[in-house]
Every structure is written in C-alpha cells, then in structure tokens.
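Structure assessment
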Amino acid sequence: MWRKSSEGSDRFEYLQTLVTEFQDTDCEEAKEQVLANLANFAYDPTNMEHLRQLQVTDLFLDMLTEDNENFVEFGMGGLCNLSMDPECRELILQSGGIRLVTDCLSSQREETVLSAITTLMNLAAAPSPRSSHITDPAVLQCMLRFSLSESPRLRNLATVFLRDCCGEEQVARAERQMQGQQSAVGIPLPKDG
Amino acid sequence: MVQGVPAIGVMTELIQLCALYGAVEEYRPLDEYPAEDFTEVYLVKFQKLTSARAAKRRMDEKSFYGGVLHVCYVPEYESVEDTRSKLLDRRRYIMRAAQNKVREREQKETGNEEPTTSKTATTSEKIISRRDRMTNNDNRGENSNFSHYSGFPLLPLPPQEHPYYGHKTQHGTIPTEDKMGTLHNAIINTKQQPAQGLSFSQTSSDRESGTEQRLTPNPASVVRFVPRTTNLENRKRKKEDVPEDTHTDVSGKSEPLIGPKLPEPPKLDMEDESLNTTVSLIRSTMKQVGSVPDIKPVEKKIKPRRRI
C-alpha cells in the first residue's frame, strides 16, 4: 500500500507523468488504464491539489462527452472523487460542469450514473449560485424515477439526493409535474393527445 | 460479503474471525446468492466502515477451514441511512484533511504573500512557491535537490526504476483499499491485465514503496499540462454563458428527459406513430449490425469479473 508520503513533489511529478502519458499515447486501452488510475488517485485527498494544478479536473470533464463509455465512466468517477474538494468543486461549476454531469444521468452504465448522482450532491453543497441549477425540476424528476428503480444502489443514492439536496416543496412540485407525464415516458405524445 | 465459506458449520468461527477487525453489527447467510458447491455465502455488517475495510483487506483470498474466502463489499445491501452516513463521513474526512493541510502550511509560512487557498496555480511562479512550502515540510535530507529552482529543463527525468520498489501486479487495487465505499472499485478490476505492454507500468511500481527516493531533482512544476484544447476552449467560452442558456432545456417539460427510463414497462399509447419510428430504426440498425463481420467486441478484453 502506498504510504502517504509527505513528498508532495514526488507525487506531483508522478501524477504529471501519468497525465503526460494520457496525452501522448494513442492506444485507447492505455488511455483507459491511465484514466482509471487518475480517477482512483483522485480519491486520496493528498492528491487532489496536484490533480487540480495539473488541470485534471478539466481532463475528467472532457471525458464526459467522449464516445468511449469507459472514458465517460472513469472520467465521471474521477470527478466524483474530486468534487469532494471545495476548490475542485468550484472549478467544475465554473466550467459548466452541472450540464455535463446531468447528461451522464442518461448513461447506460450504472457506475456512471451513480458517480453522476454523487457528484451532483457534492456540487450542490457548494455555496456558489450556479449550484442552484442542480435542483431544477427535470433533475428532480429524474431522481424521483431513480428512487423507484430496481437497483438498490441507485435507489439509495437518489433518495439521499432528494432528501439532502432539495426542499420538500421542491420535491412535491416535481412529483406533481411527473404525474402529468406518466403516460408517455420519454416519448412525445401526438398533438391532440 | 464473504463467499467461499466451507459448508461445514463454521459460521460462528467466521464471525469470530470478522470480529477481530471490529464490532460486527449483524450477519446472516445469503441463501439467495449463487455459491459454489459445498460453500456458503454470508453477509457481514460491521459497525464501522473502517472495520469492514480492514476485514476485506485481511480476509480476502485467505484460506479458511480448507476453503478460500472471497470478501467484497456489497453496497446493494446498504440501507439509505448507511449510504448517507457513508457519504457524510467521507465529506468530513476530506474537510479534515483539507484543514490539516492548511494548518500545516500556515505553520510553515512566514508572512507569505500567497494565500493558502489560492485556486489553480496557473503561473510557474505560484507553483514554485507552493513547492517551496512543501519542501519545507520535509525534514529529510534528500530534499536539498528541490531547493534550487534557478534553471529547470523542460521535462522531468523519466522515472527511475529502483530495485527496491515492490512490484505488485495488482497495483491498481491499492487505491481501492482506501475507499470508504465501492463507487469506484469496479474500475480497477478490468485493468488487471498485465501492464507490461504499457510504458508507464514501471512508474506505477513506484507507488508501492513508501520510501521512494526519486532521483529527479528537477522540479516538474514548469512543465504544464496542456489539456486537449478543443473542449477546454469551448467550455471556457461557455463559462460566461452558463447561468443563462444551458438550463432552459433542462427545465423544459416536453424536452428530452434527463436520465434513463424506469425498468418497469412504461404506459404507452400503442397507436403512437413514434413507436413505429423507433422500431424501424432498431430494425435497420440490427440489419446493419448483422451484416458487419464480428468486430472485436469491447467485452473481449474483460475477463470474467471478480467482484472485489
């Protein structure tokens, strides 16, 4: 197990090597592996500042719009980790992160969705005015649907989101709006419907 | 969750073993979980997350009464409260770590001009002063290398592979041990293929040794990570527009829904024309897919995944 060394400069250099590797290699598999490593390193608070300096926050955000679902999953995971850090949180918000993350709620990969929900919760904790968009009705409705999901992990996270990030009235309003749309989940109704 | 427990009536012994790592809150056999012949599966819930982590680390892959235990987390068995406290604990831990860092820096600073909470340091000057502080924290002699910033080359020396670096093939799993939850451990499982083919496998071995002495005296701070510019530029442009335009369709009611549909069958109007559109689209896609020779599927490289 890697001891938490106080050699900040070593860490920085090592992380930089990883980032350079990611940029330089053309091999997709190699990129995936580096990205996975970076995402995992982002879990350790001692690395967060270095990763921030290396603009890895932006790197992760970039990954969210990639076609490769692994890139998206790992990028989302990395953001989930970094978004625990207030300064990274601010960066993510400034870079239009909310939109990118909420788009990930539509992913087919459960891990991606789970990371996205957690990230939104972290972002919602920010005092920034931008974070108010996290509780837009569409997002709440999505969370309400998730809270009824078969997957326990999805259910739990969505429930915690609804309880901790939104007011009761907001949730109630979203519920009411949802009931009006129950007959056509995601499919537009004909005009005379 | 503990799998591979020999079905010879050793549940008590198993729980006693678990209790070595911390108080066990509850446990039960998981009859619904698939188990190999002559083995049982148990769910063990610890009072503390740290106990669970220790138990997993120590008991996984260990032999137990003739069988080999396989221990992994099962977040799907968490309650909502469990999930919530897990997240809250994690947040508190991060805050504490951040505060410690700030405190450390404040102790070392002597009327430093730079604010401790400065944002992303975009100038090498800032990075250098931060590194100054970092090196001040170290009492080890080998850091004398870092104190000279006068001239640094553009690139750091390639990481040296030292003989005393431990090399674990499962290096990727190490960070997962620190995880308080399982949100991200799935990533590593697919990456346990031999990494020899990849150039950075040597550098990753650095991590194993806590006493690594990197002979790279040149501060890498001047080498800036330049991200792919395309998305970055776009996003920087959008920074100003964020409050206005990006959320109109998020809040629209008839706009595409956020998130996937629920698993239960949606209540559909079967007469709806749009259904036919979808069906024809699917059919034509299937035709296309069917006509293409087997492409190397993504799953090919993912071996039967072991839950970690």
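The rules behind each value
- Residues numbered from 1 in each chain as written.
- Chains lettered and ligands numbered in written order.
- Predicted model: local features only at pLDDT ≥ 70, side-chain atom pairs only at ≥ 80, totals over all residues.
- Heavy atoms only, no water.
- Helix = DSSP H or I, 4+ residues; strand = E, 2+ residues; numbered from the N terminus.
- Buried < 20%, exposed > 50% of the residue type's maximum accessible area, 1.4 Å probe, protein only.
- Contact = heavy atoms within 4.5 Å.
- Arc of directions from axis to C-beta.
- Axes fitted to C-alpha atoms, helices over the stretch in contact; angles between N-to-C directions.
- Parallel < 35°, antiparallel > 145°, perpendicular 65-115°, else oblique.
- Left-handed = near helix turned anticlockwise from the far one by under 90°.
- Nonpolar A, V, L, I, M, F, W, Y, C, P; charged D, E, K, R; others polar.
- pLDDT = per-residue confidence, 0-100.
- Pairing = 2+ DSSP bridges.
- Salt bridge = Lys/Arg side-chain N within 4 Å of Asp/Glu carboxyl O.
- Core = buried A, V, L, I, M, F, W, Y, C linked by side-chain atoms within 4.5 Å.

Here we take up the environment of A:Thr46. Within the secondary structure, A:Thr46 is located in helix H3 (residues 45–53). For A:Thr46, a relative accessible area of 28% corresponds to the partly exposed category. Counting along the chain gives 38 residues from A:Thr46 to A:Gly8, while the straight-line C-alpha distance between them is 8.3 Å. Not counting the four nearest positions on each side in its chain, A:Thr46 is found in contact with A:Arg11 and B:Lys101.

This part covers unusual backbone geometry. One non-glycine residue with positive phi stands out, namely A:Gln55, at about 60°. With respect to the helices and strands, A:Gln55 occurs in the loop between H3 and helix H4 (56–63). On the basis of relative accessibility, which here comes to 13%, the residue A:Gln55 falls in the buried class. One non-glycine residue, B:Phe38, lies in positive phi territory at about 65°. Looking at the element boundaries, B:Phe38 is found in the loop between strand E2 (24–29) and strand E3 (39–46).

All names here are of chain B. By the burial criterion, the buried members of helix H1 (residues 11–19) are Leu 14, Ile 15 and Cys 18. For H1, the angular spread of buried residues about the axis comes to 95°, placing them on one side. Along its buried surface, H1 packs onto strand E1 (2–6), E2, E3, helix H2 (49–59) and strand E4 (63–64).

What follows is about the packing of helix H1 (residues 8–24) of chain A against H3(A). Residue and element names in this part refer to chain A. It is the contact of H1 with H3, at a shortest axis distance of 10 Å, that shows an interaxial angle of 50°. Considering the angle they form, H1 stands oblique to H3. Of the two elements, H1 crosses H3, and the hand of that crossing is right-handed. Here Gly 8, Arg 11, Phe 12 and Leu 15 of H1 lie close against H3, whose contacting residues are Thr 46, Asn 47, His 50, Leu 51 and Gln 53. Tallied by class, the residues present in the contact of H1 with H3 amount to three nonpolar, five polar and one charged.

Moving on, we get to the confidence of the model for chain A. Low pLDDT means the predicted atomic positions in that stretch should not be read closely. When pLDDT is averaged along chain A, the result is 90, and 90% of the positions lie at 70 or above. The spread of mean pLDDT over the elements of chain A runs between helix H11 (residues 168–179) of chain A, the lowest at 86, and helix H5 (residues 69–82) of chain A, the highest at 97.

This part is about the side chain of B:Ser51. Along the polypeptide, B:Ser51 turns up in helix H2. Contact partners of B:Ser51, with chain neighbours within four places excluded, come to B:Tyr21, B:Gly22 and B:Phe46.

What follows is about the sheet that holds strand E6 (residues 70–71) of chain B. Consider a sheet: its strands pair through backbone hydrogen bonds, and that pairing is either parallel or antiparallel. Residue and element names in this part refer to chain B. Here four strands make up an open sheet; going across it, the order is E2-E3-E1-E6 and the pairing antiparallel. The sheet is open, and its two borders are formed by E2 and E6, each paired with just one other strand. Bridging between E1 and E3 involves three bridges; their strand directions are antiparallel. When the sheet's bridge partners are listed, Pro 6 is paired in E3 with Thr 39.

Scanning the model with the defined rule gives 18 salt bridges over all chains in all. The partner of A:Glu49 in a salt bridge is B:Arg105, with the nearest N and O atoms 2.4 Å apart. Taken as a pair, A:Glu49 in helix H3 and B:Arg105 in helix H3 (residues 80–108) lie in two separate chains rather than in one. The pair formed by A:Glu49 and B:Arg105 is uniform in burial state, with each residue classed as buried. A:Asp103 is the partner of A:Arg99 in a salt bridge, and the nearest nitrogen-oxygen pair spans 3.3 Å. Pair noted here: A:Arg99 and A:Asp103 are both in helix H7 (residues 97–103), with a separation of four residues, about one helical turn. Among the charged side chains, a salt-bridge network with shared partners connects A:Arg163, A:Asp164, B:Glu81 and B:Arg84.

Moving on, we come to the nonpolar core. Formed by 68 residues in total, the largest nonpolar core has its most connected members in A:Leu38, A:Phe60, A:Leu105, A:Ile117, A:Met143, A:Phe146 and A:Phe161. Among residues more than four places away in sequence, those in contact with A:Met143 are A:Leu105, A:Ile117, A:Leu120, A:Ala158, A:Phe161 and A:Leu162. Counting residues in hydrophobic clusters, the runner-up holds 15 residues, among them B:Val2, B:Val5, B:Cys18 and B:Leu69.

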